[in-house]
Amino acid sequence: MNVHTRPQDWEDPVVLPEVVSPQRLLVPFDGSHNAERALAWAAHVSEREGAEVIVLVGFEQPLTLRGRGANYIEAVREQLEAEAKELAAEAVRLLLGRGVRARGLVVKGDVPHAILDTVDAEGCELVVIGRQGLSAEVGGMPSALDRVRDMLQGGVADKVIRHASVPVMVVA
(Lines give C-alpha, C1' and ligand atoms only; values in the text may rest on other atoms or scores of the structure.)
Protein backbone atom coordinates (compact mmCIF):
# COMPACT_ATOMS: atom_id res chain seq x y z
CA MET A 1 0.00 0.00 0.00
CA ASN A 2 1.38 3.34 -1.04
CA VAL A 3 0.61 5.90 1.68
CA HIS A 4 1.33 9.59 1.10
CA THR A 5 1.02 12.13 3.86
CA ARG A 6 0.41 15.76 3.18
CA PRO A 7 2.74 18.42 4.58
CA GLN A 8 1.46 20.23 7.66
CA ASP A 9 0.96 23.47 5.73
CA TRP A 10 -0.99 21.81 2.91
CA GLU A 11 -4.12 23.87 3.52
CA ASP A 12 -2.27 27.18 4.04
CA PRO A 13 -2.48 29.76 1.26
CA VAL A 14 0.34 29.95 -1.26
CA VAL A 15 2.97 32.53 -0.32
CA LEU A 16 5.53 34.42 -2.32
CA PRO A 17 8.80 34.29 -0.37
CA GLU A 18 11.10 37.30 -0.19
CA VAL A 19 13.85 37.20 -2.79
CA VAL A 20 17.06 39.18 -2.40
CA SER A 21 18.67 40.60 -5.54
CA PRO A 22 21.90 38.79 -6.36
CA GLN A 23 25.09 40.81 -5.98
CA ARG A 24 27.40 38.24 -7.58
CA LEU A 25 26.52 36.04 -10.56
CA LEU A 26 28.48 33.14 -11.97
CA VAL A 27 28.36 32.38 -15.70
CA PRO A 28 30.03 29.14 -16.77
CA PHE A 29 31.21 29.99 -20.28
CA ASP A 30 32.44 27.76 -23.11
CA GLY A 31 31.78 30.02 -26.10
CA SER A 32 28.69 28.10 -27.26
CA HIS A 33 25.58 29.92 -28.45
CA ASN A 34 23.73 28.98 -25.26
CA ALA A 35 26.64 30.29 -23.18
CA GLU A 36 26.54 33.55 -25.15
CA ARG A 37 22.83 33.89 -24.37
CA ALA A 38 23.52 33.09 -20.70
CA LEU A 39 26.15 35.83 -20.69
CA ALA A 40 23.62 38.26 -22.16
CA TRP A 41 21.07 37.37 -19.46
CA ALA A 42 23.71 37.81 -16.77
CA ALA A 43 24.55 41.23 -18.23
CA HIS A 44 20.84 42.11 -18.19
CA VAL A 45 20.46 41.11 -14.54
CA SER A 46 23.69 42.88 -13.62
CA GLU A 47 22.69 46.11 -15.36
CA ARG A 48 19.42 46.09 -13.41
CA GLU A 49 20.82 45.02 -10.03
CA GLY A 50 24.40 46.31 -10.15
CA ALA A 51 25.72 42.79 -9.59
CA GLU A 52 29.23 41.60 -10.38
CA VAL A 53 29.51 38.88 -13.02
CA ILE A 54 32.15 36.19 -12.73
CA VAL A 55 32.83 34.40 -16.00
CA LEU A 56 34.14 30.89 -15.38
CA VAL A 57 35.86 28.95 -18.14
CA GLY A 58 36.69 25.41 -17.09
CA PHE A 59 38.62 22.74 -18.91
CA GLU A 60 39.54 19.16 -18.18
CA GLN A 61 43.16 18.14 -18.43
CA PRO A 62 43.78 15.26 -20.84
CA LEU A 63 44.82 12.00 -19.21
CA THR A 64 47.54 9.57 -20.22
CA LEU A 65 48.39 6.05 -19.10
CA ARG A 66 51.71 5.31 -17.38
CA GLY A 67 53.44 8.40 -18.72
CA ARG A 68 52.97 7.56 -22.39
CA GLY A 69 52.71 10.75 -24.34
CA ALA A 70 53.38 12.93 -21.28
CA ASN A 71 55.10 15.67 -23.31
CA TYR A 72 52.25 15.78 -25.81
CA ILE A 73 49.65 15.87 -23.04
CA GLU A 74 51.45 18.76 -21.32
CA ALA A 75 51.48 20.74 -24.58
CA VAL A 76 47.75 20.09 -25.06
CA ARG A 77 47.06 21.16 -21.46
CA GLU A 78 48.99 24.40 -21.98
CA GLN A 79 47.07 25.08 -25.20
CA LEU A 80 43.72 24.38 -23.52
CA GLU A 81 44.60 26.69 -20.64
CA ALA A 82 45.70 29.48 -22.99
CA GLU A 83 42.47 29.16 -24.99
CA ALA A 84 40.40 29.17 -21.78
CA LYS A 85 42.13 32.36 -20.58
CA GLU A 86 41.54 34.00 -23.97
CA LEU A 87 37.86 32.99 -23.95
CA ALA A 88 37.34 34.31 -20.40
CA ALA A 89 39.05 37.60 -21.29
CA GLU A 90 36.89 37.99 -24.40
CA ALA A 91 33.66 37.44 -22.42
CA VAL A 92 34.79 39.87 -19.70
CA ARG A 93 35.61 42.54 -22.32
CA LEU A 94 32.08 42.21 -23.71
CA LEU A 95 30.58 42.73 -20.26
CA LEU A 96 32.87 45.63 -19.38
CA GLY A 97 31.89 47.24 -22.69
CA ARG A 98 28.29 47.27 -21.44
CA GLY A 99 29.30 48.83 -18.14
CA VAL A 100 28.97 45.58 -16.17
CA ARG A 101 31.41 44.81 -13.36
CA ALA A 102 33.02 41.56 -14.45
CA ARG A 103 36.05 39.36 -14.03
CA GLY A 104 37.12 36.01 -15.39
CA LEU A 105 38.31 32.80 -13.80
CA VAL A 106 39.88 29.78 -15.47
CA VAL A 107 39.68 26.46 -13.67
CA LYS A 108 41.24 23.12 -14.58
CA GLY A 109 39.36 20.00 -13.58
CA ASP A 110 35.92 18.47 -13.60
CA VAL A 111 33.78 21.35 -14.86
CA PRO A 112 30.57 20.75 -12.84
CA HIS A 113 32.59 20.45 -9.64
CA ALA A 114 34.60 23.55 -10.55
CA ILE A 115 31.36 25.51 -11.00
CA LEU A 116 29.92 24.36 -7.68
CA ASP A 117 33.20 25.01 -5.85
CA THR A 118 33.41 28.49 -7.36
CA VAL A 119 29.85 29.30 -6.27
CA ASP A 120 30.88 28.59 -2.68
CA ALA A 121 34.37 30.12 -2.81
CA GLU A 122 33.24 33.36 -4.46
CA GLY A 123 29.93 33.76 -2.64
CA CYS A 124 27.88 33.71 -5.85
CA GLU A 125 24.14 34.09 -5.38
CA LEU A 126 22.96 33.07 -8.86
CA VAL A 127 24.32 30.82 -11.60
CA VAL A 128 23.34 31.67 -15.18
CA ILE A 129 24.16 28.72 -17.42
CA GLY A 130 23.42 27.59 -20.96
CA ARG A 131 21.21 24.52 -21.30
CA GLN A 132 23.72 22.79 -23.56
CA GLY A 133 27.36 23.58 -24.12
CA LEU A 134 29.82 23.49 -26.93
CA SER A 135 30.09 19.69 -27.02
CA ALA A 136 26.39 19.50 -27.94
CA GLU A 137 26.89 22.03 -30.74
CA VAL A 138 29.94 20.44 -32.33
CA GLY A 139 29.10 16.82 -31.53
CA GLY A 140 26.93 16.28 -34.59
CA MET A 141 23.91 14.01 -34.58
CA PRO A 142 23.81 12.04 -31.33
CA SER A 143 23.30 8.29 -31.52
CA ALA A 144 20.54 6.58 -29.57
CA LEU A 145 23.18 5.44 -27.06
CA ASP A 146 24.40 9.03 -26.63
CA ARG A 147 20.83 10.21 -25.97
CA VAL A 148 20.26 7.49 -23.36
CA ARG A 149 23.62 8.24 -21.70
CA ASP A 150 22.75 11.97 -21.57
CA MET A 151 19.37 11.20 -20.00
CA LEU A 152 20.99 9.04 -17.33
CA GLN A 153 24.13 11.08 -16.61
CA GLY A 154 23.13 14.57 -17.72
CA GLY A 155 25.43 17.28 -18.91
CA VAL A 156 27.16 20.05 -17.02
CA ALA A 157 23.97 22.12 -16.60
CA ASP A 158 22.04 19.11 -15.27
CA LYS A 159 24.70 18.39 -12.67
CA VAL A 160 24.88 22.03 -11.59
CA ILE A 161 21.08 22.23 -11.26
CA ARG A 162 20.96 19.09 -9.13
CA HIS A 163 23.73 20.11 -6.73
CA ALA A 164 23.82 23.92 -6.59
CA SER A 165 23.22 25.62 -3.26
CA VAL A 166 21.95 28.78 -5.01
CA PRO A 167 19.32 29.47 -7.71
CA VAL A 168 20.29 28.46 -11.24
CA MET A 169 18.92 30.21 -14.34
CA VAL A 170 19.11 27.93 -17.37
CA VAL A 171 19.20 29.66 -20.76
CA ALA A 172 18.30 27.94 -24.02
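Because the structure is a prediction, the values reported are computed rather than measured.

Engineer: Residues and numbers for the side chain of arginine 77, please.
Structural biologist: Mapped onto the elements, arginine 77 comes out in helix 2 (residues 70-97). Overall, arginine 77 belongs to the buried group, its relative accessible area being 13%. Sequence-distant contacts of arginine 77, that is, excluding residues within four places in its chain, are made with Phe59, Gln61, Pro62 and Lys108.

Engineer: A description of the environment of leucine 96 should follow, citing residues and the corresponding values.
Structural biologist: Structurally, leucine 96 can be placed in helix 2. What makes leucine 96 partly exposed here is its relative accessible area of 47%.

Engineer: Tell me what's going on with the nonpolar core, and back it up with residues and numbers.
Structural biologist: Residues Val53, Val55, Leu95 and Val128 are the most contacted members of the largest nonpolar core, which totals 24 residues. Taken together, the elements giving at least two residues each to this core come down to strand 1 (24-28), helix 1 (33-49), strand 2 (52-59), helix 2 and strand 4 (126-130). The contacts of valine 55, once residues within four sequence positions are left out, are Val27, Phe29, Leu39, Ala91, Val92, Leu95, Arg103, Gly104 and Leu105. Counting residues in each nonpolar core, the second largest holds 13 residues, with Leu26, Leu56, Val111 and Ile129 among its members.

Engineer: A description of the packing of helix 3 (residues 111-122) against helix 6 (residues 156-163) should follow, citing residues and the corresponding values.
Structural biologist: Running from N to C, helix 3 and helix 6 cross one another at 40 degrees; their axes reach a closest spacing of 9 Å. Between helix 3 and helix 6, the angle is such that the two are oblique. Classified by chirality, the crossing of helix 6 by helix 3 is right-handed. Contacts from Val111, Pro112, Ile115 and Leu116 in helix 3 reach Val156, Lys159, Val160 and His163 in helix 6.

Engineer: Break down the sheet that holds strand 3 (residues 102-108) for me, citing the residues and quoting the values.
Structural biologist: Here we have 5 strands laid out as an open sheet, ordered 3-2-1-4-5, and parallel in their pairing. Only two strands of the sheet have a single neighbouring strand rather than two, namely strand 3 and strand 5 (168-171). Across this sheet, the average inter-strand angle for adjacent strands is 20 degrees, counted without regard to direction. Helix-sheet contacts for helix 6 involve strand 4 and strand 5, and the interaxial angle to strand 4 is about 160 degrees.

Engineer: Could you give an account of the pairing of strand 2, with specific residues and numbers?
Structural biologist: The element strand 2 is largely enclosed, with a buried count of 7 among its 8 residues. Where strand 1 lies against strand 2, 5 bridges are found, and the strand directions are parallel. Bridging from a neighbouring strand, leucine 26 pairs with isoleucine 54 of strand 2. Chirality of the crossover, the property in question, places the unit of strand 1, helix 1 and strand 2 among those that are right-handed. Summarising the sheet, strand 2 and strand 3 pair through 7 bridges and their orientation is parallel. Within the sheet, the bridge partner assigned to isoleucine 54 lies in strand 3 and is arginine 103.

What counts and how
- Residues numbered from 1 in each chain as written.
- Predicted model: local features only at pLDDT ≥ 70, side-chain atom pairs only at ≥ 80, totals over all residues.
- Heavy atoms only, no water.
- Helix = DSSP H or I, 4+ residues; strand = E, 2+ residues; numbered from the N terminus.
- Buried < 20%, exposed > 50% of the residue type's maximum accessible area, 1.4 Å probe, protein only.
- Contact = heavy atoms within 4.5 Å.
- Core = buried A, V, L, I, M, F, W, Y, C linked by side-chain atoms within 4.5 Å.
- Axes fitted to C-alpha atoms, helices over the stretch in contact; angles between N-to-C directions.
- Parallel < 35°, antiparallel > 145°, perpendicular 65-115°, else oblique.
- Left-handed = near helix turned anticlockwise from the far one by under 90°.
- Pairing = 2+ DSSP bridges.
- Right-handed = clockwise from strand over helix to strand, strands pointing away.

Without other data, these values stay purely geometric and don't point to any function.
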